[in-house]
Amino acid sequence: MNLKQFYKLLLFIILIPILSSCFEVIEEISIKNNGTGDVILTINLSQSKTKVASVMLLDSVQGYKVPSKQKIQQELNEAVAYLRKSEGISNVKSTSDFNNYIATISFSFKDVSNINNITKNILAQQKIKATNTSSYTYNKATKTFSRKYQAIGTAKTEFNKLKAKDKAVFNGATYTSIYRFESPVTSSNNPVSNMSKSKKAVMLKSSIMDLINGKINVSNTIQLSK
């Protein structure tokens, strides 16, 4: 997913336009053989924490209003409240570290399909247009996990409308997806993904710029041992 969307629910994303390009977005999905599982979403600005701390003392920077810690925590709490009302979602928790500027949201799901509409609905609440679509499926019979990703053509167009200094923010930013399983992985069809030594996890890491420019597709079909 495009980071600017997927991690809007972590709220620190509202700081990104006024920070340096050192931030990381991590999506971790753990799936059991019965189709249930857990998600951990993280946005990590610790590499820029000195600058973030300085920015947080200001009212605005480069035309962007700087949110207070209280405002960030409030919106994070609102995202948690929304998730707790979502079908098939349970055990919702969040953490916010204002010393290192790292935020997480974690939750459990009854079926991986339960997470498909979460991002879209949260973005709609925030009146943000989606720049891509992602959907997840897990077939218990065949033990096959799939993520289908499709960028929306307007994403690059909208990005190109940004000022040069705002575009530069994304140059060093990264997105990482990690999928963990109970059974060993026998194949992963995305050529830029990597399998762990245990063969029970698959990781894909990309620059956000490659996602924005459509140079990488994070779709993947992962086959588990039967």
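Residues numbered from 1 in each chain as written. Predicted model: local features only at pLDDT ≥ 70, side-chain atom pairs only at ≥ 80, totals over all residues. Heavy atoms only, no water.

Going by the annotation in an unreviewed UniProt entry, the name recorded for the protein chain is Lipoprotein, with Pedobacter alluvionis given as the source organism.

What the protein chain contains, in helices and strands, is seven helices and 13 strands. Across the 226 residues of the protein chain, 48% fall into the buried class. Put simply, 66% of the contacts in the protein chain that link residues at least 6 apart link residues at least 24 apart. Carbon and sulfur atoms provide 50% of the accessible area of the protein chain, an area that totals close to 11,200 Å². (Helix = DSSP H or I, 4+ residues; strand = E, 2+ residues; numbered from the N terminus. Buried < 20%, exposed > 50% of the residue type's maximum accessible area, 1.4 Å probe, protein only. Contact = heavy atoms within 4.5 Å. Areas by Shrake-Rupley, 256 points an atom, 1.4 Å probe, with all protein chains shown as cover.)

This part is about the side chain of T176. Examined against the element boundaries, T176 turns out to sit in strand β9 (residues 174-181). For T176, a relative accessible area of 4% gives the class buried.

With that out of the way, let us pick up the pairing of strand β5 (residues 89-97). As paired elements, β5 and strand β6 (residues 102-109) share seven bridges and run antiparallel to each other. Its bridge partner lying in β6, T95 is registered against T104. With antiparallel pairing between neighbouring strands as the criterion, β5 and β6 make up a hairpin whose turn holds four residues, including Y101 at a positive phi of roughly 60 degrees. (Pairing = 2+ DSSP bridges.)

So, about the confidence of the model for the protein chain. Per-residue pLDDT for the protein chain has a mean of 80; in total, 77% of the residues score no lower than 70. Segment residues 1-14: pLDDT under 50, and 70 contacts once partners within four positions in sequence are set aside and those in other chains are kept. (pLDDT = per-residue confidence, 0-100.)

Time to look at the packing of aromatic side chains. The final tally for this structure, using the stated rule, is four aromatic pairs. Considering the side-chain rings of Y136 and F145, the 6.3 Å spacing of their centres and the 35 degrees angle between planes classify their relative orientation as tilted. With a relative accessible area of 1%, Y136 lands in the buried category. Taking the relative accessible area as the measure of exposure, F145 reaches 0% and is therefore buried. Taken together, a centroid distance of 5.8 Å and an interplanar angle of 65 degrees make the contact between F145 and F181 edge-to-face. You can see F145 sitting in strand β8 (residues 144-151) and its partner F181 sitting in strand β9, a full 36 residues away along the chain. (Phe/Tyr/Trp six-rings, centres within 6.5 Å; stacked < 30°, edge-to-face > 60°.)

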